[in-house]
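Chain by chain, the residues:
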Amino acid sequence: MPEPTRERRLSTADERRDTVLRTALGAFAARGYYGTTTGEVAKSAGISQAYVYRLFPDKETLFVAVVEHCFARIRESLADGVAGTGGSTPEAVLSAMGEAYARLIAEERPLLSVQMHAQCAALSEPAVREVVQRGYARATEYVRGVSGADEARVQEFFARGMLCHLVVASAADEVDAPWARTLSAGIRHH
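A quick note: this is a predicted structure, and the numbers were derived from the prediction, not measured.

### Examining the layout of surface pockets
Part 1 of the argument: The calculated volume of the largest pocket comes to roughly 430 Å³.
Part 2 of the argument: As for the largest pocket, its lining consists of 24 residues, of which Gly98, Tyr101, Phe157, Arg160 and Gly161 are closest to the centre.
Part 3 of the argument: Within the residue set of the lining of the largest pocket, elements represented by two or more residues are helix 4 (59–83), helix 5 (90–107), helix 7 (126–147) and helix 8 (151–170).
Part 4 of the argument: Ranked by residues supplied to the lining of the largest pocket, first place goes to helix 8 with 9 residues.
Part 5 of the argument: In terms of residue class, the lining of the largest pocket is made up of 13 nonpolar, 6 polar and 5 charged.
Part 6 of the argument: For the second largest pocket, the full set of lining residues is Glu68, Phe71, Ala72, Ile74, Arg75, Leu78, Val131, Gly135, Arg138 and Ala139.
Part 7 of the argument: Across the lining of the second largest pocket, the residue classes break down as 6 nonpolar, 1 polar and 3 charged.

### Side note on the packing of helix 5 against helix 7
Working note: a packed helix pair is described by the angle between its axes plus the distance between those axes.
Part 1 of the argument: Look at helix 5 against helix 7: their axes get within 9 Å of each other, and the N-to-C directions meet at 135°. Relative to helix 7, the element helix 5 is oriented oblique. Packed against helix 5, whose contacting residues are Pro90, Val93, Leu94 and Met97, the element helix 7 presents Tyr142, Val143, Val146 and Ser147 at the interface.
Part 2 of the argument: When the residues that make up the contact of helix 5 with helix 7 are grouped by side-chain class, the tally is 7 nonpolar, 1 polar and no charged.

Reading guide: rules and limits
- Residues numbered from 1 in each chain as written.
- Predicted model: local features only at pLDDT ≥ 70, side-chain atom pairs only at ≥ 80, totals over all residues.
- Heavy atoms only, no water.
- 1 Å grid on protein atoms, 1.4 Å probe; cavity = no way out; pocket = protein on both sides within 12 Å on 5 of 7 lines; lining within 4 Å.
- Points joined across faces, edges and corners; volume = space filled by probe spheres on them.
- Helix = DSSP H or I, 4+ residues; strand = E, 2+ residues; numbered from the N terminus.
- Nonpolar A, V, L, I, M, F, W, Y, C, P; charged D, E, K, R; others polar.
- Axes fitted to C-alpha atoms, helices over the stretch in contact; angles between N-to-C directions.
- Parallel < 35°, antiparallel > 145°, perpendicular 65-115°, else oblique.
- Contact = heavy atoms within 4.5 Å.

Here it is, written out as structure tokens:
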């Protein structure tokens, strides 16, 4: 009796796009905007560079899509924090969102790296600057809206997040020196 033939399922453009985004996220996290080529992304994704260009017209468009993806994951994480909050005061909501974000960057470390690379590239790349501005604008309005916190407290929330980035990126929490203890004090991360 002949074996049943398996129907070969081809990837859709959306699935390929998601694969390229995930692959590009890892590549950009490791080497940044300037150090990553679309050829490297294509090779890692198992597709041709021409196909990458069919999905994303250039490296800048690909990087912008990766940064947008990172901001979407951050927003999901903040919403998870809100959903799990143990109170409704601005402080309780901000604390829950901060904890959720700390878990996110510990579990999905490339997100932190891409954020930092995007901030650096934003200095000289207008399209990257625009996506960073839009991402932080949306995040700020979300945090303000769900927490009910005043301007100063929302600013402090984001400033603490940036300090957390510095502590994690520099491994300051692993350094036994006064400067490192000062910067790491009270910073929670996983």
